[in-house]
Amino acid sequence: MNEQNKGHEDLTEEVVNDENIENQESDSVIDETVEQQADEVEGNEAEQLSEIEEVKQEKEALQDKLARLQADFDNFRRRTKKEKEADLKYKSQDIANDLIPVLDNFERALQVEVNDESTNSFAEGLEMVYNQFRQALEQHGIEEVEAEGVQFDPQKHQAVMQVSEEGYESNQVIEVLQKGYQLKDRVIRPAMVKVNE
């Protein structure tokens with residue numbers, strides 16, 4: 001029996017050793033699996049963090065783009081508002097350009113000397129129409145450019161002659177050869193003037 005017990009013990013010991021070896025092998029496989037899973041989790045976390053960073057950068061880029069678009073839209077709205085205001089302010093310019101030559105002709109007609117009674121009353125009627133015409137233009141912001149006796153202003157005057165006369169300052173307008181007109185603050189026709197040197 002001793003030999004049988006010994007044989008059983010050897011066999012038991014061999015089985016236990018085999019089981020220990022198998023346990024060690026399965027422990028090492030488990031350790032490797034745990035390590036792989038830990039590496040995968042760390043890899044996934046790193047991927048997730050990089051994806052989060054990408055999403056944050058995209059969000060910031062979109063917010064920047066949105067802010068730029070909003071600023072562009074605000075600028076466009078202000079620009080169109082100014083253009084509309086300018087259109088309203090200067091809406092009479094086209095008609096003023098057409099009527100100013102008519103006003104010039106009225107003034108030429110009024111410069112004709114009248115000697116008898118019948119043409120005198122005609123001239124008075126013509127002057128009344130002229131005054132009414134000027135008032136209508138002034139109501140729409142069309143006014144004569146101040147020229148004679150003032151300092152030459154290249155924005156409002158066009159010098160066609162330059163002379164040297166005593167009694168006038170340098171660059172002073174001596175004579176107006178053709179009246180200039182402005183619509184509100186915009187010159188639509190500069191005055192043609194003679195300027196002192």
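Let me begin by describing the structure that accompanies this report. (Residues numbered from 1 in each chain as written. Predicted model: local features only at pLDDT ≥ 70, side-chain atom pairs only at ≥ 80, totals over all residues. Heavy atoms only, no water.)

1. Quick look at empty space enclosed by the protein
Logical step 1: Applying the stated rule across the entire model yields one cavity of 30 Å³ or more.
Logical step 2: Quantified by volume, the largest cavity comes out at close to 50 Å³.
Logical step 3: Every residue lining the largest cavity is listed: L103, R134, L137, E138, I142, E143, E144 and Y181.
Logical step 4: Those elements that provide at least two residues to the lining of the largest cavity are α3 (117-139) and β1 (142-144).
Logical step 5: A per-class count over the lining of the largest cavity returns four nonpolar, no polar and four charged. (1 Å grid on protein atoms, 1.4 Å probe; cavity = no way out; pocket = protein on both sides within 12 Å on 5 of 7 lines; lining within 4 Å. Points joined across faces, edges and corners; volume = space filled by probe spheres on them. Helix = DSSP H or I, 4+ residues; strand = E, 2+ residues; numbered from the N terminus. Nonpolar A, V, L, I, M, F, W, Y, C, P; charged D, E, K, R; others polar.)

2. Let's talk about the sheet that holds strand β4 (residues 181-183)
Logical step 1: Strand order in this open sheet of three strands is β1-β4-β5, and the pairing throughout is antiparallel. Unpaired on one side and paired on the other, β1 and β5 (186-189) mark the two borders of the sheet. Along the sheet, successive strands turn relative to each other by an average axial angle of 35°, direction set aside.
Logical step 2: Relative to β5, β4 runs antiparallel, the two being bridged by three bridges. In the sheet register, L183 faces β5, and the bridge partner there is R186.
Logical step 3: Packed on one face of the sheet, helix α2 (residues 93-110) meets β1, β4 and β5 and runs near 55° to β5. (Pairing = 2+ DSSP bridges. Axes fitted to C-alpha atoms, helices over the stretch in contact; angles between N-to-C directions. Contact = heavy atoms within 4.5 Å.)

3. A closer look at α3
Logical step 1: Taking 1.5 Å per residue, 23 residues should reach 33 Å; α3 reaches 33 Å between its end C-alpha atoms and fits that length.
Logical step 2: For α3, the complete set of buried residues consists of A123, Y130, F133, R134 and L137.
Logical step 3: In this fold, the buried residues of α3 make contact with α2 and β1.
Logical step 4: G141 sits one or two residues past α3 and shows a positive phi near 85°. (Expected span 1.5 Å × (residues − 1). Buried < 20%, exposed > 50% of the residue type's maximum accessible area, 1.4 Å probe, protein only.)

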